[in-house]
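Overview (structure and organization)
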Amino acid sequence: MGEIDPAFIQTPEHRPKLSIIEDEGIPVIDLSPLFDTSNKEPFENLVKQIGNACKEWGFFQVTNHGHPIEIRQKLEAAARKFFAQSKEEKDKVRRDAVKVMGYYDSEHTKNIKDWKEVFDYTVEEPTIMPASIDPHDKELIHWYNQWPEYPPEFREAFQDYSQHMENLALKLMELIALSLGLSPKRFHGFFKDQTSWIRLNYYPPCPSPDLVLGCGRHKDTGALTVLAQDNVSGLEVRRKSDAEWIRVKPTPDAYIINVGDIIQVWSNDAYESVEHRVILHPNQERLSYPYFLKPAHYTNVQPLEELINEQNPPKYKPYNWGKFHITRKRSNFMKLDVENIQIYHFKIN
């Protein structure tokens, strides 16, 4: 990715600011009480910290999470080898409207202006999804992964990493459930036939980081995101209290967690999905790899019955996750004339 294409340039109100606020107040939470059940007080305090972070920020970092750092290092090494290949080699596993998993770069992807290269991998293979956005169409399709020939350890690294990420994400969902006053495994059933996936994000150096973004402002549509990144900063979170963009400073071996739209709906707005984006560097590349925890395609997402009553009625109409997801997915392969579907389209006035 060389010179800046005018199509990538952000409108003035969306451009990165040269002055930043770095890591001011974003919670860093020690998960070690998860692994020591002999002392009740630290665990109860952990649940409170998780609840406060979800409510006040929608983002937090976790340390002492029990995930072997070697698994993460193995994935990162394989990812760097893959992205260092020629464009011709990477294009052998390029995604399209039929093979929706695999490689793409933003220079040749419709409707996407982010300055990056990406490789997507679905955790459950195959992942079962609706065949169309038609609510009356019951036909299902299967999503499969595309695996590059090089590096040869790429597939194994992905599969090992995804297994550990699933375990960590479900532990965090238990803490979130407890913070909402629910039973710890209240959310587990939604992920029996999960549609979760992992993305490798490679952000090359950019000649004009003041004009373009590595990833534009957005909210995550799934339940929970577990993000790992290298030691180059770039992630910015929009602070709820004043809408300022806050740069998240990388914490060694930590994971960055954010609440997705589905938790916002399940919690009936008790916890809110928050906007975030990625800024670029003129002479540094950056690598990140989020795990997106997402429920089964047949899940009807709606406020949980335990969290609604006469004083707190449901704020959202139910929507089918599979239909919602493929409606958004099709925007990767065609230019839409209307805004893509969002959870606020199901908001009850």
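Starting afresh in each chain, residues are numbered from 1 along the sequence in its written order. Reporting in this predicted model follows two pLDDT cut-offs: at least 70 for local features of residues, and 80 or more for side-chain atom pairs to be given and counted; totals over whole chains, interfaces and linings ignore these cut-offs and use all residues. With hydrogens and water set aside, each side-chain value is computed from the structure's full complement of heavy atoms.

An unreviewed UniProt entry lists the protein chain under the name Fe2OG dioxygenase domain-containing protein, with Canavalia gladiata given as the organism. UniProt positions are given in the numbering used here, feature names are shortened, and annotations may be inferred rather than shown by experiment. UniProt lists a comment for the protein chain under the heading Sequence similarities (unreviewed entry), and it reads "Belongs to the iron/ascorbate-dependent oxidoreductase family."

Observations regarding unusual backbone geometry
Going from Glu125 to Pro126, the amide bond is cis rather than trans, its omega being 0 degrees. In this description a helix means any DSSP run of H or I spanning at least four residues, a strand means any run of E spanning at least two, and both kinds are numbered starting from the N terminus. By secondary structure assignment, the location of Pro126 is in the loop between β5 (117-122) and β6 (127-130). At the junction of Tyr150 and Pro151, the peptide bond is cis and its omega measures out at -5 degrees in the coordinates. Within the element layout of this structure, Pro151 appears in the loop between β7 (140-143) and α4 (154-179). One non-glycine residue, Ala243, lies in positive phi territory at about 65 degrees. Here Ala243 shows up in the loop between β11 (235-238) and β12 (245-247).

Overview of the sheet that holds strand β4 (residues 103-105)
Being paired, for any two strands, means DSSP has found at least two bridges between them. Reading across the sheet, the eight strands line up as β2-β3-β13-β10-β15-β8-β5-β4 and stay open at both edges, with mixed pairing between neighbours. Edge strands, defined here as strands with exactly one partner in the open sheet, are β2 (28-30) and β4. The mean inter-strand angle of the sheet, taken between neighbouring strand axes irrespective of direction, is 25 degrees. Where β4 lies against β5, three bridges are found, and the strand directions are antiparallel. Each residue of the ladder has a partner; that of Tyr104, found in β5, is Val118. The criterion used for residue contact is that any of the two residues' heavy atoms lie within 4.5 Å. Axis lines are fitted to C-alpha atoms, over the contacting stretch for helices. Their N-to-C directions set the angle, which ranges from 0 to 180 degrees. Contacting β2, β3 (59-63) and β13 (255-259), helix α1 (residues 40-56) runs over the sheet at an angle of about 160 degrees to β2. In the packing of helix α2 (residues 69-83) onto the sheet, the strands contacted are β4, β5, β8 (197-203), β10 (224-229), β13 and β15 (286-293), and the crossing angle to β15 comes to about 120 degrees.

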